[in-house]
Amino acid sequence: MTTLTRRSFGALIGASATTLATPGLLRANSTGRLVIIGGGFGGASAARFARINYPDVDVTLVEPYPTFVTCPYGNLILGGKRTLPQITHSYDGLRARGVNVVQDRAADIDPDARTVALESGASLQYDKLIVSPGIGLRWGAIDGYDQAATEVFPHAWMGGDGSQITNLRAQLEALPEGGVVGLAIPENPFRCPPGPYERISMIAHYLKQTNPTAKILAFDSKEGFSKQGLFEDVWAELYGDMIEWIPANQDGRIVAVDVQNKLFISEFGEEHRVDVGNVIPPQTSAAIVRDTGLANDTGWVPVNSRTFEADAARDIHVIGDATIAGPMPKSGYIANSTSKTAVSAALADLTGGSAPSDPVYFNTCYSHGGEDYGISVVAVFRATDDGFEATPDSGGLSPRGPLSELAENRRLEARYADAWYDSITRDMFS
Ligand SMILES: Cc1cc2nc3c(=O)[nH]c(=O)nc-3n(C[C@H](O)[C@H](O)[C@H](O)COP(=O)(O)OP(=O)(O)OC[C@H]3O[C@@H](n4cnc5c(N)ncnc54)[C@H](O)[C@@H]3O)c2cc1C
């Protein structure tokens, strides 16, 4: 075990000693305090699961935003198939289950004192801590792409207050006739491997109806991508020559942007003028796990594959996109399913239960290609002594073939995707 870096923690604890938030206090009949940082796919799922299965444990969820905007189905806003309210979720369901939802941001963690310092100056005491704060953007990895640049070239890769996805949608609505939409797509690892390609499809779906001579240039820092054959079929079948995918070996890696002149600049110095730009920058884990020393030099958090306890600290379990969990993808599905293992493992010694000994993790990533057009990839993973492995001969991809033969299959997969979204968000927030 290494010791966490205590960035300015002494000062925060000193300031907050008199303002200890009520949720950190142990109730008379409580068997322990579980604090969860991050109210997204991992954190909200963990909070709900803990309240249902460990009713004697005090559960506190720390999340800075008053509501949660999902990234899944955000691309459907671009496609005109969903609205922001339809993908915005309230924490009231969790409150009704007895979760103490604290609207604040975790600023620091002290693993020795077992406290979480909050940005407001308050502090929470925990017996077990679950951390699911998601990703951070690697500012500076693309020259000229900073916080201000996200207003011109939105990333729309974190839910936040929803303004990034609505900004991108508004720009698509204002695209001049025959205009150019550029996407800059990062190298692995990044959140949601099929996400950029679903986004390309949904933008094309919208433009086909409103601006059919528009072009989509997808600049990729990779030479291949998730569900590639299936996406290429969708693009050829539904969108003709509207979409051009430019891989890294054809100078697709975007290394700089000029927001004033709306330029994407490639590795070999080519300048591409775009009318609308969506920059999905290279990613790392959220600041709270990097600043507290839970992440290693890769920028991601190494964890025990059976318990999700962080290698760097006892009683702190990290789940979701912030972790090193390859070959499992950084997906909402994985964050949700692994949250249950992490809660069971974390609370086993508080409640006298047993931790899962041989957990199995499932993932399905659905993508929408167009109207009534769904595709998916399914995989099953197991924990091993030194990480995670895909289970051979399990899972698979949607079949490939002409749409004339597969229309019903594609229609059904789109319905399954909708059902998945409804059920996973219920499993998080109801
Ligand atoms: C366009 C797009 C489409 C996607 N589609 C799918 C899909 O179809 N299926 C799928 O399975 N996955 C999909 N994903 C991936 C999915 O969104 C992520 O994998 C998932 O959100 C990861 O869950 P998480 O808990 O790690 O992070 P999040 O869900 O992002 O939750 C993190 C939460 O932590 C909060 N937080 C951050 N820092 C702090 C702090 N210091 N203190 C307190 N709170 C903090 C944040 O505000 C946030 O609410 C998609 C992603 C994108 C971008």
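Definitions and cut-offs
- Residues numbered from 1 in each chain as written.
- Predicted model: local features only at pLDDT ≥ 70, side-chain atom pairs only at ≥ 80, totals over all residues.
- Heavy atoms only, no water.
- Near = heavy atom within 4 Å.
- Polar contact = N/O pair within 3.5 Å; in protein donor to acceptor, adjacent residues only side chain to side chain.
- Areas by Shrake-Rupley, 256 points an atom, 1.4 Å probe, with all protein chains shown as cover.
- Helix = DSSP H or I, 4+ residues; strand = E, 2+ residues; numbered from the N terminus.
- Nonpolar A, V, L, I, M, F, W, Y, C, P; charged D, E, K, R; others polar.
- Domains from an automatic or database assignment.
- Contact = heavy atoms within 4.5 Å.
- Buried area = accessible area lost by both parts, 1.4 Å probe.
- Salt bridge = Lys/Arg side-chain N within 4 Å of Asp/Glu carboxyl O.

As annotated in an unreviewed UniProt entry, the protein carries the name FAD-dependent oxidoreductase and comes from Rhabdonatronobacter sediminivivens.

**Student:** So what exactly am I meant to see when it comes to the site of the ligand here?
**Tutor:** Taken together, 33 residues sit near the ligand, with Gly42, Glu63, Ser132, Arg191 and Tyr333 positioned nearest. Ala106 places a polar main-chain atom, nitrogen or oxygen, 2.9 Å from a nitrogen atom of the ligand. A distance of 2.9 Å separates a nitrogen atom of the ligand from a polar backbone atom of Gly332. About the coverage of the ligand: the protein hides 94% of its 990 Å² of free accessible area. Elements with a contribution of two residues or more to the shell around the ligand: α2 (41-53) and α10 (332-351). Here the shell around the ligand gets three residues from one element, more than from any other, and that element is α10. Across the shell around the ligand, the residue classes break down as 17 nonpolar, ten polar and six charged. Per-domain counts for the shell around the ligand show at least three residues from each of domain 1 (9-64 + 103-134 + 286-355) and domain 2 (137-284 + 364-425).

**Student:** Looking at this structure, I do not really get the domain arrangement of the protein. What am I missing?
**Tutor:** Size of an interface, as often reported, equals the accessible area lost when the parts are brought together. Assigned domains of the protein: these are domain 1 (9-64 + 103-134 + 286-355) and domain 2 (137-284 + 364-425). Contacts between the two partners involve 23 residues from domain 1, matched on the other side by 19 residues from domain 2. If you sort the residues of domain 1 by the area they bury against domain 2, Trp300, Ser305 and Tyr333 come out on top, with a joint share of 31%. Run the count over domain 1 and domain 2 and you get two salt bridges. Where domain 1 meets domain 2, there are six residue pairs in polar contact (both at pLDDT 80 or more). Here the side of domain 1 that touches domain 2 gets four residues from one element, more than from any other, and that element is α10. When the residues that make up the side of domain 1 that touches domain 2 are grouped by side-chain class, the tally is twelve nonpolar, seven polar and four charged.

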